[in-house]
Protein chains: 2
Amino acid sequence: MAKNLEISFLLDFYGSMLTEKQRIMIEYYYNDDLSLAEIADNEGITRQGVRDSIKRAEGQLLELEERLGLVKRFQQMQAGLEKILLAAAEIRKYNQKHGSAEKIDACANDIMQLAEQLRD
Amino acid sequence: MAKNLEISFLLDFYGSMLTEKQRIMIEYYYNDDLSLAEIADNEGITRQGVRDSIKRAEGQLLELEERLGLVKRFQQMQAGLEKILLAAAEIRKYNQKHGSAEKIDACANDIMQLAEQLRD
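Residues numbered from 1 in each chain as written. Chains lettered and ligands numbered in written order. Predicted model: local features only at pLDDT ≥ 70, side-chain atom pairs only at ≥ 80, totals over all residues. Heavy atoms only, no water.

*Asks:* Before we move on, could you go through the pattern of salt bridges and cite the residues and values that matter?
*Replies:* For the structure on display, the rule yields 12 salt bridges over all chains. Where Arg67(A) meets Glu63(A), a salt bridge forms, and the shortest distance between an N and an O atom there is 3.2 Å. Here Arg67(A) pairs with Glu63(A), and both are found in helix H4 (residues 47-68), just 4 residues apart, close to one helical turn. On the accessibility criterion, Arg67(A) (39% relative accessible area) is partly exposed. A relative accessible area of 44% places Glu63(A) in the partly exposed class. Across the salt bridge formed by Lys55(B) and Glu58(B), the nearest N and O atoms sit 3.4 Å from each other. Of the two residues, Lys55(B) and Glu58(B) are both situated in helix H4 (residues 47-68); the distance of 3 residues between them amounts to about one turn of the helix. Accessibility expressed as a relative area gives 40% for Lys55(B), which makes it partly exposed. Taking the relative accessible area as the measure of exposure, Glu58(B) reaches 6% and is therefore buried. (Salt bridge = Lys/Arg side-chain N within 4 Å of Asp/Glu carboxyl O. Helix = DSSP H or I, 4+ residues; strand = E, 2+ residues; numbered from the N terminus. Buried < 20%, exposed > 50% of the residue type's maximum accessible area, 1.4 Å probe, protein only.)

*Asks:* Talk me through the relation of the copies chain A and chain B; I want residue IDs and the actual numbers.
*Replies:* Aligned on chain B, chain A shows an RMSD of 0.1 Å; the corresponding rotation is 180° and the shift along the axis is 0.0 Å. A rotation of that kind, with that shift, is consistent with a two-fold axis. (Least-squares fit on C-alpha atoms with pLDDT ≥ 70 in both.)

*Asks:* Talk me through the domain arrangement of chain A; I want residue IDs and the actual numbers.
*Replies:* One can read the domain layout of chain A as domain 1 (6-68) and domain 2 (72-119). For domain 1 of chain A and domain 2 of chain A, the distance between their C-alpha centroids amounts to 38 Å. (Domains from an automatic or database assignment.)

*Asks:* Describe helix H6 (residues 102-119) of chain B, naming the residues involved and giving the relevant values.
*Replies:* With 18 residues, H6(B) ought to run about 26 Å at 1.5 Å a step, and its terminal C-alpha atoms sit 26 Å apart, in line with that. Listing the buried residues of H6(B) in full gives Ile104(B), Cys107(B), Ala108(B), Ile111(B), Met112(B), Leu114(B), Ala115(B) and Leu118(B). Projected onto a plane normal to the axis of H6(B), the buried residues spread over an arc of 165° and lie on a single side. Exposed and oriented more than 90 degrees from the buried face of H6(B) are Glu102(B) and Gln117(B). Residues of H6(B) that are buried sit in contact with helix H5 (70-97) and helix H6 (102-119) of chain A together with helix H5 (70-97) of chain B. (Expected span 1.5 Å × (residues − 1). Arc of directions from axis to C-beta. Contact = heavy atoms within 4.5 Å.)

*Asks:* Residue-level account of the side chain of Asn95(B), with values.
*Replies:* Note on placement: Asn95(B) falls in helix H5. Apart from the residues within four sequence positions on either side, Asn95(B) is in contact with Ile104(A), Ser100(B), Ala101(B), Ile104(B) and Asp105(B).

Here's what the structure looks like:
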């Protein structure tokens, strides 16, 4: 069973839509990098049971993304905020070399802080 | 039955999680502002049937927000982007009065355009 890296993102957004048991197993697998056998041991069920449960949970997460598209939306947001950060950094750099207006530096700094907060 | 304005926001995010029938009725009610009686007429069911269906759909939308919190997250994003826009506008205004550096104007303009795109 190949680990699908996208699943970690989906878990972050939609994990609360899974049953607690599903969530625990898929988090062990994707976030804590435990093997199926280790999870089976922890949970006192078979390796196949763990595998089925994780597969089902993955299917649900992928379907949620297909319906809601929120991970995609947030990733676009992240990309836009990254560009805002770069543009604000350019303003500061240019301003520091030419004129050093305090007002411009303060506003550009505000923009960078806001963009960083929103990105996290 | 009082209309809950928050529902329109929730519909925008989570509408795809409802059944098609539920979605159609709740959209008539919240987005198109039809009365329960008008929707009952359109759908060929009783007014009480429409009311029950809309109430159930509202409950589901509210529960989705409680689990996922995405409307809240996006509203925080909107508020942050609004502040970024204002700060970039201040940079442009200040710059136009003092020095008019093309580079600063172009970067601040980029920031405004990016923030507006992300806000929409």
